[in-house]
Amino acid sequence: MAIRIVIVDDHELLREGLKSLLSREEDMEVVGEAAGGHEALALCRRLRPDVVVLDARLPDIDGVEVCRRLQEEMPEVAVLMLSTFSDADLVLAAVRAGVKGYVVKDVQGMDLKRSIRQVARGEVAMDPKVVGHLIRHMRSPGTDKEEQRIPLNRQQLAIIRLVAQGYTNREIAEQMFLSEKTVKGYLADALRRMGVKNRVEAAMVASKNGWI
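Residues numbered from 1 in each chain as written. Predicted model: local features only at pLDDT ≥ 70, side-chain atom pairs only at ≥ 80, totals over all residues. Heavy atoms only, no water.

### A word on the pairing of strand β4 (residues 78–83)
Logical step 1: Extensive coverage of β4 is indicated by the burial of six of its six residues.
Logical step 2: By the alternation rule, side chains of β4 split into Ala78, Leu80 and Leu82 and Val79, Met81 and Ser83, which are all buried.
Logical step 3: Note: strand β3 (residues 51–55) against β4, five bridges, orientation parallel. Bridged to Asp55 within β4 is Leu82.
Logical step 4: With helix α3 (residues 63–73) bridging β3 and the parallel β4, this β-α-β connection has right-handed handedness.
Logical step 5: Strand direction decides the pairing type here: β4 and strand β5 (residues 101–104), joined by four bridges, are parallel. Bridge assignment links Met81 to a residue of β5, and that residue is Tyr102. (Buried < 20%, exposed > 50% of the residue type's maximum accessible area, 1.4 Å probe, protein only. Helix = DSSP H or I, 4+ residues; strand = E, 2+ residues; numbered from the N terminus. Pairing = 2+ DSSP bridges. Right-handed = clockwise from strand over helix to strand, strands pointing away.)

### Looking at the sheet that holds strand β2 (residues 28–34)
Logical step 1: Strand order in the open sheet formed by six strands is β2-β1-β3-β4-β5-β6, and the pairing between neighbours is parallel. In this open sheet, the two strands that pair with only one neighbour each are β2 and β6 (125–126).
Logical step 2: Here four bridges tie strand β1 (residues 3–8) to β3, and the two strands are oriented parallel to one another. By the bridge assignment, Ile7 is partnered in β3 with Val53.

### Let's talk about the pairing of β2
Logical step 1: In this sheet, β2 lies alongside β1 in parallel orientation, the contact comprising six bridges. Paired with Val8 across the strands is Ala34, a residue of β2.
Logical step 2: In the classification by handedness, the crossover that spans β1, the intervening helix α1 (residues 12–23) and the parallel β2 is right-handed.

### Let's talk about the side chain of Arg15
Logical step 1: Structurally, Arg15 can be placed in helix α1.
Logical step 2: A distance of 2.7 Å separates a polar atom in the side chain of Arg15 from the backbone oxygen of Asp9.
Logical step 3: In terms of polar contacts, Arg15 uses its side chain to reach the side chain of Glu33, at 3.0 Å. (Polar contact = N/O pair within 3.5 Å; in protein donor to acceptor, adjacent residues only side chain to side chain.)

### A look at the pattern of salt bridges
Logical step 1: Enumeration according to the criterion identifies 19 salt bridges in this entry.
Logical step 2: Ionic pairing is found between Glu33 and Arg15, a salt bridge with its closest N-O pair at 3.0 Å. Within this pair, whereas Glu33 is found in strand β2, its partner Arg15 is found in helix α1, the two being separated by 18 residues in sequence.
Logical step 3: On the basis of relative accessibility, which here comes to 11%, the residue Arg15 falls in the buried class.
Logical step 4: One network of salt bridges, in which partners are shared, links Glu25, Asp27, Lys113 and Arg117. (Salt bridge = Lys/Arg side-chain N within 4 Å of Asp/Glu carboxyl O.)

### Quick word on the packing of helix α2 (residues 37–47) against α3
Logical step 1: Relative to each other, α2 and α3 sit at 20°, their axes nearing to 10 Å. Compared by their axis directions, α2 and α3 come out roughly parallel. The interaxial crossing formed by α2 with α3 has right-handed handedness. Residues Gly37, His38, Leu41, Cys44 and Arg45 of α2 lie in contact with α3, whose contacting residues are Val66, Arg69, Leu70 and Glu73. (Axes fitted to C-alpha atoms, helices over the stretch in contact; angles between N-to-C directions. Parallel < 35°, antiparallel > 145°, perpendicular 65-115°, else oblique. Left-handed = near helix turned anticlockwise from the far one by under 90°. Contact = heavy atoms within 4.5 Å.)

Below, the structure is given as structure tokens:
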């Protein structure tokens, strides 16, 4: 069954370009497009898409606010934020609003399609450039790494380090010579031990505490 996608961006040419790119994929279907936040919310209420590709800056409602409202009303809809900005504060706000992915607009088409598939599966998809910028922002220069107790075992810490670099579960499994199911298990336990909900928060906490 094809992934049903709504594209939200105030630039018509970008919407048309994305629609053309994604419509070539057999497992993707662009079911709607919107130029603003109000229009996007009304469209999603009617269509109930699987994924919303959402611009961070819209003329009427901020993209972060659109995401927050979507998650309140339709938590089953995965939001992939597409932006020209990798500003740490914007990324953090988007994560807190419930985005499942964040990519910058110079992303390659193949990587964008991979990110859409990831969020459609319930995974988190973050552009490595965004993650790197976020980690640098979150680093605490005065933190004494020796005083920070790491609540993870060696395998879990290795996985969190790869997560922070933007690797998917499958890529981590290949690097560590583990099954993807084993990686998922280690990661789920690591998130629980760290007291976080997703991969992005895990990377932020690990970086802030000097574990990576």
